[in-house]
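Each chain is listed here by its residues.
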Amino acid sequence: MGKRCAIGLMSGTSVDGIDAALVEIAGRPGESSGLIGAGGTTGEAAGDGPDGGLSVKLLAFLNLPYPEDTRQAIFRLFDPASATVDKVGEMNVRLGKLYADAALAVAAKAGIAPEAVSVIGSHGQTLWHAPEQGYTVQIGEGSVIAELTGIPCVSDFRPADLAAGGQGAPLVPYTEYLLYRSPEETLLLQNIGGIGNITVIPAGADSSQVTAFDTGPGNMLIDGVMRRLTGGRTGMDEGGRLAATGRCCAELLERLQAEAYYRLQPPKSTGRELFGDAYVEQLMGWRQELGVSDADLVATVTRLTAWSIGDAYRRFVRDRHPAHRMIVGGGGSYNPTLLRDLREELAPVPLVTQEEIGLSSDAKEAVAFALLAECTLAGLPGSLPAVTGARHPAVLGKLSLPYGRSPR
Ligand SMILES: Nc1ncnc2c1ncn2[C@@H]1O[C@H](COP(=O)(O)OP(=O)(O)OP(=O)(O)O)[C@@H](O)[C@H]1O
Ligand SMILES: CC(=O)N[C@H]1[C@@H]2OC[C@@H](O2)[C@@H](O)[C@@H]1O[C@H](C)C(=O)O
């Protein structure tokens, strides 16, 4: 199968904007072997699939921050009381246009004409994730993206897995399996976005042996607390600077560790429904009661985040799959205080960041959705039932075709 270009678009739970990646793909996902057919392993920076397997090369990446009014309007949609159908409908189209802009911009940055792009995979913006009720809501209209770019678009990836009885998340693990697996090393891939999620790829594993689940808050509580402390002026602890000046409050940490989610057996996934505004409100009440300073509060929430990842490894992974190393990606990998705490929690397992091994942390999830869209166009499943708990693998997403152009 020849080389083709695909675009992946990702807007995560932190609501910081749109990540757009344009990749060149050689080989076919699922060409050679494995439960749902895994190809030869190559990384993002690999060549052209010399073993006949899959290779993915990142040609261009950009981040398009949401306009501030859009960002604030999205946050209002996280509250079911203000997320009325008219507002959700309007935002679905508004985001579709912004996603189309991002796709065209990344194609221009790579110097690739839209006609030369075979597919866009667009994750959309998660508004509500309720796997126990069998549904999840991601918006950003695929038909608008296809119309404005002239490129076939796969969107709304999660419902197919939910329909098959799964969590609908996480979905990146199959692409991590394709791109990172190693015959010698058991790898932990930890994403620290709004939510934290871990993927475990045992040495020499086939795709049915990969496990993954959401560990709990990634940056969501740190960001939520910072917004409260600064009256909304700052949405993150830049460089982990405030946390670095504070000390963890043991009593507050203990209360936070009592959250039942951490002890839930995987498969499991979570989101803003649990660790959003109402949770931060309760946390601020406890801080008041215990007289915890601003810096100590951020230090405690940072420690909690690191602990939840270490605890997940110790509780659910370590005995069966002692790891050789953890590779950390997502915005949390830019927070040195969080990484310091995480190193302590994980010891003796060494930790490296995506950047430290020469891969782009920011582009990773966008690349994943380009690859998942390719799977869908080829009629191949993109989910791992061992990860999501579904009855079987699912072909993910919905295809929107632009007028006058068929897929491929
Ligand atoms: N320089 C930095 N210092 C501290 N924290 C940072 C820095 N840069 C990014 N972050 C954190 O990373 C977050 C964004 O991470 P990322 O873009 O990976 O999340 P996301 O993709 O939206 O989330 P998810 O993976 O859960 O969908 C920011 O909200 C912030 O908390
Ligand atoms: C419902 C939803 O949007 N889930 C996200 C979120 O952000 C991180 C974590 O929670 C993960 O489960 C998932 O995203 C990544 C891209 C995934 O599906 O692998």
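Cut-off values and rules
Residues numbered from 1 in each chain as written. Chains lettered and ligands numbered in written order. Predicted model: local features only at pLDDT ≥ 70, side-chain atom pairs only at ≥ 80, totals over all residues. Heavy atoms only, no water. 1 Å grid on protein atoms, 1.4 Å probe; cavity = no way out; pocket = protein on both sides within 12 Å on 5 of 7 lines; lining within 4 Å. Points joined across faces, edges and corners; volume = space filled by probe spheres on them. Helix = DSSP H or I, 4+ residues; strand = E, 2+ residues; numbered from the N terminus. Nonpolar A, V, L, I, M, F, W, Y, C, P; charged D, E, K, R; others polar. Patch = residues over 30% accessible without salt bridge, like charges linked within 9 Å, V, L, I, M, F, W, Y side chains within 5 Å. Areas by Shrake-Rupley, 256 points an atom, 1.4 Å probe, with all protein chains shown as cover. Salt bridge = Lys/Arg side-chain N within 4 Å of Asp/Glu carboxyl O. Lys, Arg positive; Asp, Glu negative; His and termini not counted. Charge placed at Lys NZ, Arg CZ, Asp CG, Glu CD. Contact = heavy atoms within 4.5 Å. Near = heavy atom within 4 Å. Polar contact = N/O pair within 3.5 Å; in protein donor to acceptor, adjacent residues only side chain to side chain.

You'll find the chain entered in an unreviewed UniProt entry as Anhydro-N-acetylmuramic acid kinase, with Paenibacillus mesotrionivorans given as the organism.

S.K.: Just give me the short version of the layout of surface pockets, but keep the residues and values in it.
M.R.: Taken as a whole, the second largest pocket holds about 360 Å³ of empty space. As for the second largest pocket, its lining consists of 16 residues, of which Phe78, Arg272, Gly276, Asp277 and Ala278 are closest to the centre. Listing elements by their share of the lining of the second largest pocket, those giving two or more residues are α1 (68–77), α6 (220–229), α9 (272–275) and α10 (277–290). Residues that form the lining of the second largest pocket fall into these classes: 7 nonpolar, 2 polar and 7 charged.

S.K.: Before we move on, can you summarise a negative patch on the surface with the specific residues and values?
M.R.: Taken together, the side chains of Asp16, Glu355, Glu356 and Asp362 define an acidic patch exposed on the protein surface. Position of Glu356 among the secondary structure elements: in the loop between β12 (351–353) and α13 (364–377).

S.K.: Please give an account of unusual backbone geometry that cites residues and values.
M.R.: Across the junction of Ala169 and Pro170, the peptide omega takes the value -15 degrees, indicating a cis bond. Assignment of secondary structure puts Pro170 in the loop between α4 (159–163) and α5 (172–180). In the segment running from Ala347 into Pro348, the intervening peptide bond is cis, with an omega of 10 degrees. Along the chain, Pro348 turns up in the loop between α12 (336–346) and β12. Non-glycine residue Val15 carries a positive phi angle of around 60 degrees. Among the structural elements, Val15 can be located in the loop between β1 (4–10) and β2 (17–26). A positive phi angle, near 55 degrees, is found at Asp156, a position not held by glycine. Its location among the elements puts Asp156 in the loop between β7 (153–155) and α4.

S.K.: Quick rundown of the side chain of Ser122? Include the residues and the values.
M.R.: Relative to the helices and strands, Ser122 resides in strand β4 (residues 117–122). Sequence-distant contacts of Ser122, that is, excluding residues within four places in its chain, are made with Leu9, Tyr99, Ile145, Cys153, Val154, Ser155, Asp156 and Phe157.

S.K.: Could you give me a rundown of the site of ligand 1, with the residues and numbers involved?
M.R.: Taken together, the neighbourhood of ligand 1 is formed by 22 residues, with Thr13, Gly194, Asp223, Gly239 and Gly331 sitting nearest. At a separation of 3.0 Å, an oxygen atom of ligand 1 approaches a polar backbone atom of Ile195. A total of 650 Å² of accessible area belongs to ligand 1 in isolation, and the protein chains cover 86% of it. In terms of residue class, the shell around ligand 1 is built from 5 nonpolar, 12 polar and 5 charged.

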